[in-house]
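# Fold and geometry: a report
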Amino acid sequence: MSLQSSIVAEFAITYMRFLDADGQLTQDLPESLNNPELLRKLYEYMVLNRTFDAKAVALQRTGKMGTYPSSGGQEAIGVGVGAAMQQGDVLVPYYRDHGAHLVRGGKIEEIYLLWGGDERGSDFATLKQDFPVAVPIASQCLHAVGVAKAIQYRKQTRAVVTFIGDGGTSKGDFYEAINLAGVCKLPVLFVINNNQWAISVPLSEQTLCKTLAQKGIAAGVPGEQVDGNDVLAVYEATRNALKKIRAGEGPYIIEALTYRMCDHTTADDAKRYQPPEDVETYKKEDPILRLRTYLASQKLWDEEQEKALYAQVKHTVAQAVHAYESIPAQPPTAIFDYLYATLPHDLIEQRDVLLASLGENHHE
Amino acid sequence: MSLQSSIVAEFAITYMRFLDADGQLTQDLPESLNNPELLRKLYEYMVLNRTFDAKAVALQRTGKMGTYPSSGGQEAIGVGVGAAMQQGDVLVPYYRDHGAHLVRGGKIEEIYLLWGGDERGSDFATLKQDFPVAVPIASQCLHAVGVAKAIQYRKQTRAVVTFIGDGGTSKGDFYEAINLAGVCKLPVLFVINNNQWAISVPLSEQTLCKTLAQKGIAAGVPGEQVDGNDVLAVYEATRNALKKIRAGEGPYIIEALTYRMCDHTTADDAKRYQPPEDVETYKKEDPILRLRTYLASQKLWDEEQEKALYAQVKHTVAQAVHAYESIPAQPPTAIFDYLYATLPHDLIEQRDVLLASLGENHHE
Amino acid sequence: MSEITLVEAVTQALAYELAHDQDVLVFGEDVGANGGVFRATEGLQKRFGSDRVFDTPLAESMIAGMAVGMAAEGLKPVAEIQFLGFIYSAFDHIVSHAARLRNRTRGRLSCPMVIRAPYGCGIHAPEHHSESTEALFAHIPGLRVVMPSSPTRAYGLLLAAIRDPDPVIFLEPTRIYRKIKQNVPDDGQALPLDRCFLLREGSDVTLVSWGAMLTETMAAAHTLETQGISAEVIDVATLKPLDMDSIIQSVEKTGRCVIIHEAARTCGIGAEIAAQLAEKALTSLIAPIQRVTGFDTIVPLYKMEHLYLPSEARILTAVHEVMAFE
Amino acid sequence: MSEITLVEAVTQALAYELAHDQDVLVFGEDVGANGGVFRATEGLQKRFGSDRVFDTPLAESMIAGMAVGMAAEGLKPVAEIQFLGFIYSAFDHIVSHAARLRNRTRGRLSCPMVIRAPYGCGIHAPEHHSESTEALFAHIPGLRVVMPSSPTRAYGLLLAAIRDPDPVIFLEPTRIYRKIKQNVPDDGQALPLDRCFLLREGSDVTLVSWGAMLTETMAAAHTLETQGISAEVIDVATLKPLDMDSIIQSVEKTGRCVIIHEAARTCGIGAEIAAQLAEKALTSLIAPIQRVTGFDTIVPLYKMEHLYLPSEARILTAVHEVMAFE
Ligand SMILES: Cc1ncc(C[n+]2csc(CCOP(=O)(O)OP(=O)(O)O)c2C)c(N)n1
Ligand SMILES: Cc1ncc(C[n+]2csc(CCOP(=O)(O)OP(=O)(O)O)c2C)c(N)n1
Ligand SMILES: [Mg+2]
Ligand SMILES: [Mg+2]
């Protein structure tokens, strides 16, 4: 005998893309993407992202930078999301969304500085309200809901966008954040970079979930999955989500499905655990190549533009490296100067110990 | 133009009950519940639960016990779940499932001792593997998955059952636990006592979710909602879930929907925040009355049995109170004796300070 | 003007700042309609609306993490953790973010937030409702830690904490929430967040304490007076930063020091004070420093918590030993 | 027999216990196929199978909470937290449960678990990868806290930690993971968990330290020797329980004490040691106690972390001051 039960709630998760791995359209582009300038901008920033990123890895390899988390191969996510944001919105990133920082007008050398072991890398020159990189996984999601709560309290129409990795969605903070966002209808978008690895832990050992977008169901927060190697899908999903969020409809989750084509960080060796077949497969899904093929097919991009772009990007990155390498060191007392608005008396004593240990010429 | 998206995942949550508020069957009872002995046992333990519970409140009011969390009105959940468990299973409770402790053969006076401020209340005489009450909300869920992991490692067929409140499901630990349970296919059942209040915070301010069972979707863990005032539904859902769990099918979630008819604890005054209409409505849903009506309608219970039961239960509770009140105090050194398997040297010194402060007659 | 309890002084300070600064928000579990489980936020939601004073879902990491985000945007969140024993899941956001955001961004973003939590034993509550773990926070660079011991200081220090541009952990002694009443004018006057308070002058021994333990400490000082021993009593009040100058000054005068705290002994704040005295006032010490503290045990459930808590008798014994030393 | 590094000694100890006790399980983030981000669990999954050595989802509260449940069922979980800076979300389960389960149940259930975490600065890592917050754990009754300073002690102490019937926090110094090599016989011999190690005898001053800082401390002792100052060096190794008897004995001999630790100064374990000396060995002290410690600041990002870390020079300055005192 089977028991009678009535259905009291139903849910579905959808998947969206515009460009397949071969750069072919899978559906007509919406109005918003019928915009050659935008498409070129997305392409250019992805190329900038990849170029600055390769340079960062090189700087690390030559001892000029510390451990660095590459975003190579995942440029569509940061760039696509960042491009759909407005200037007054607040980005609350994790460590693999460099593209969003760049496309929002953040400086490249800020990223180099941070991973070069210098706190000034988080003192953004332009993006005054954006959060610095969150190293403790998932913690940024709660800061994002806090920022969103402040925006809601002040009745502003700004939105907050926060990023998290697939591994990060296993941590309580992620869930507590989406739950609060849901119940308070906060203006916040959660973007999950599902690159299928958390360092060496594959998604299949991270969760039994079929999709990560469905995690929103636990909080009553709607979401969808998009092709995270299709910058057009990422951009469009973000644009739509932010429109709804600004209209007061509450939070949203976008799961961007991709694959981590790089080592986790420069301290990692992905060959120890990633199956080479996977890497081969996903190579063909490259987000930059894909968009370039499409742009070329539409006669929106040619060899000459390509050459010019690479020349320009190379120059931009070289300038950033120069800026990074020529910034004078912070004074030793900087380790005390930003702890509190005003240095408490007990720390003045300790600062003096530091200065004394450095000898006369460092005294103030 | 609307975007094309394909559905990649679908979910549904169901609701089940057998007895409505008037004690009428809403569907035929399954085999397992066509068992007068079992039905009477469920009834008797619910009555015991309510009686011992009222006594606990009285003991607190007369200064003979500390703050106490009543389970009045929610007896169907603890009793229904506990009755469906096997002896070798492990109960990892929160503080409102006294019924499960009782029906599993735990002693009443253990509960009095605990809330009477005596650690010996958690040194269960019979339920050697069951966990003590978890005061920090939701933490017990992670202990439960740890126990389940141990059981799985040892290839045993025991199951773990843990309880949590509606408020508790907002906390990261709950989510981290169900996620681990899902991905490791652990033999654990999560029972959510959705009494619609977390102290003074109503469910509507706790989460945007329509059901709490759907929280499992975030972890790929199946679940269902049942009428938490229908002990038959609670029992049957638990029985089915444990059968699947023992068969290696992995974790399950049961949301038992009820209403907190009592103050949160004896330190609380629910009149400050609960709408009186709600209380009136839910009074009619009483789990004990409902089952009694049904039993009477089936000629499985009469006035005489009722009288005998109450007399017996009164006696049992009185005995437990006597046991509680006559247990000699712990020796002062007990505060040191169970910290470590062997007392470290620095604590021997501190224990001596304690003894010295108590005067000569306490010296060993 | 009527006299108020410590918990009422907390409410009064919250109301004052809510009324005078639109950026102040008060939130936590049950702080809204219920007015807090200790009634510390009684009436505030009614008076200031549920935009300003609101309940949160049950999630301490969320409460602290959300406060960090709000504070970075320029608000002044005052979050309640229902009991100090439940703060540990918020610990990551306090240690890793609240304490660090200003330093991390070289001053671009900051964290002007307060976390209030009731602490301490003596109220016959269940496990985890009795802890006094202020030392954990005092060890963390970037935080301030405050523990008031009277209605007057609760009011003035809480105002200061809310106005402070950096994160403050504000721990309220449940044991004396309603024990003492004082006349506390609602004048918006803050007290300094970096200074000890001298509760009693004396010449033979310095008693250093904070929070609820000042009850037993002051009682001991009175008893000592009848025994011809003149005790100076210092209420540290702000534990981080620590006003060692005032303590050293007193010990230089008396030559003897007994530190009293409810927290577990090992690595408590008493250790820090004793260490600094051993470094900076060694030659002034006529007798070894004594600490009268909670034991390094779990705080017992309530039937035995009186054994845990430093008693007046234990304070007196320590002082007598210190006085007898030669 | 070949010499091994400290991190290899950790692997060796884990392998020994895995081989000899079926109840031992090793888990954490990336400890499986990847062998841990520092390779501390290299090869263990291959050798013992993924039932015994496994990766967990990314959730520190879960790692600790699951360990509590496993330990209560009689297993001996050895959990890795990838860096000490990420332990805070596990703090609640460590403080509220692991440390308390035996006491809570009057010995019915217990928590024989180990949490391993790499700690300390000096490896050019990002923020939160450089902390040394052992004092937070030393303050918590019910825990043991251990920090090895060499391959030999890493092996012996980790064996002891795993075999201990109560929870142990085992903190591994990343800065010297591969700095020193020693011949460490794989003989399954544990070292005691409640005793200091005397690394060097001396008569003028006692240097007390633990973990990675013993590198600078021993270097200072050698330099001092060339300056005619004889330094005794103590490796505390087990910080909770603290073997004060050995430290006091040494200070009674030398009359001078300098404590060196990497952690922030305020309420560090140096404070506890200094406080106990001030209580129990005051009359033996010829000079004030000195602490050479990390500053009460956030550990700076790597360009400036050398300024934070106590240097040999800072240790020497302190010793010279202590020697010059009169
Ligand atoms: C709380 C916490 N635990 C552990 C780490 C160490 N760690 C850094 S990145 C990482 C994996 C993150 O994976 P995922 O969230 O999928 O992001 P991805 O790196 O793949 O973009 C881990 C375990 C950390 N930074 N924070
Ligand atoms: C981590 C933590 N935070 C706060 C508390 C205080 N507290 C005790 S019970 C409770 C409400 C719990 O509500 P719910 O989970 O719905 O369970 P119920 O009491 O309704 O059965 C709160 C906030 C606690 N015990 N633990
Ligand atoms: Mg990932
Ligand atoms: Mg509830």
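Please refer to the structure higher up on the page.
Report follows, based on the coordinates. Fair warning: this is a prediction, and the values are worked out from it, not measured in the lab.

### Some details on the site of ligand 1
The local shell around ligand 1 holds 21 residues, among which Tyr94(A), Tyr95(A), Arg96(A), Asp166(A) and Glu60(D) are the closest. Near ligand 1, residues from chains A and D are present, making the site a shared one. A distance of 2.6 Å separates an oxygen atom of ligand 1 from a polar side-chain atom of Arg96(A). One of the backbone N or O atoms of Val135(A) is found 2.9 Å from a nitrogen atom in ligand 1. Across the complex, the protein chains shield 96% of the 580 Å² of accessible surface that ligand 1 would expose by itself.

### Structural notes on the relation of the copies chain B and chain A
With an RMSD of 0.0 Å, the fit of chain B onto chain A corresponds to turning through 180° and sliding 0.0 Å along the axis. Such a turn and shift between the copies fits a two-fold axis. Proximity to the rotation axis, assessed at the C-alpha, singles out Gly172(B) in chain B; its C-alpha lies 1.8 Å from the axis. Both copies share a contact surface, since 100% of the interface residues of chain B are interface residues in chain A too.

### Thoughts on the sheet that holds strand β12 (residues 290–294) of chain D
All names here are of chain D. A sheet is described by the order of its strands in space; here five strands give the open sequence β7-β9-β8-β11-β12, paired in mixed fashion. What marks the edges here is a single partner per strand, and that holds for β7 (197–200) and β12. The sheet shows a mean angle of 25° between the axes of neighbouring strands, direction not considered. By the bridge criterion, three bridges tie β7 to strand β9 (residues 231–235) in an arrangement that is antiparallel. Bridge pairing in β9 links phenylalanine 197 to aspartate 235. Here helix α12 (residues 312–324) sits on the sheet in contact with β8 (205–209), β11 (257–264) and β12, set at roughly 165° to β12.

### What about the sheet that holds strand β8 (residues 252–257) of chain B?
One open sheet accounts for 12 strands, arranged β2(A)-β3(A)-β4(A)-β8(A)-β7(A)-β1(A)-β1(B)-β7(B)-β8(B)-β4(B)-β3(B)-β2(B); its pairing is mixed. Of all the strands in the sheet, just β2 (90–92) of chain A together with β2 (90–92) of chain B have a single pairing partner and so form its edges. Strand-to-strand twist in this sheet, taken as the mean axis angle between neighbours without regard to direction, amounts to 20°. Against the sheet, helix α5 (residues 139–153) of chain A touches β2, β3 (160–165) and β4 (188–194) of chain A, its axis set at about 170° to β3(A). Where helix α2 (residues 75–84) of chain B meets the sheet, its contacts fall on β3 (160–165), β4 (188–194) and β8 of chain B, and the angle it forms with β3(B) comes to roughly 170°.

### Focus on the interface of chain B and chain D
The interface is formed by 42 residues belonging to chain B together with 44 residues belonging to chain D. A combined buried area of about 3,600 Å² lies between chain B and chain D, and 59% of that area is made up of carbon and sulfur atoms. The largest contributions to the chain B side of the interface with chain D come from Tyr153(B), Tyr338(B) and Tyr340(B), which together make up 20% of the buried area. Between chain B and chain D we count five salt bridges in total. Across the salt bridge formed by Asp23(D) and Arg154(B), the nearest N and O atoms sit 3.4 Å from each other. Seen at the junction of chain B and chain D, the total is 22 residue pairs in polar contact (both at pLDDT 80 or more). With nine residues, the top contributor of residues to the side of chain B that touches chain D is helix α5 (residues 139–153) of chain B. Across the side of chain B that touches chain D, the residue classes tally to 20 nonpolar, nine polar and 13 charged.

Thresholds applied
Residues numbered from 1 in each chain as written. Chains lettered and ligands numbered in written order. Predicted model: local features only at pLDDT ≥ 70, side-chain atom pairs only at ≥ 80, totals over all residues. Heavy atoms only, no water. Near = heavy atom within 4 Å. Polar contact = N/O pair within 3.5 Å; in protein donor to acceptor, adjacent residues only side chain to side chain. Areas by Shrake-Rupley, 256 points an atom, 1.4 Å probe, with all protein chains shown as cover. Least-squares fit on C-alpha atoms with pLDDT ≥ 70 in both. Contact = heavy atoms within 4.5 Å. Pairing = 2+ DSSP bridges. Helix = DSSP H or I, 4+ residues; strand = E, 2+ residues; numbered from the N terminus. Axes fitted to C-alpha atoms, helices over the stretch in contact; angles between N-to-C directions. Buried area = accessible area lost by both parts, 1.4 Å probe. Salt bridge = Lys/Arg side-chain N within 4 Å of Asp/Glu carboxyl O. Nonpolar A, V, L, I, M, F, W, Y, C, P; charged D, E, K, R; others polar.

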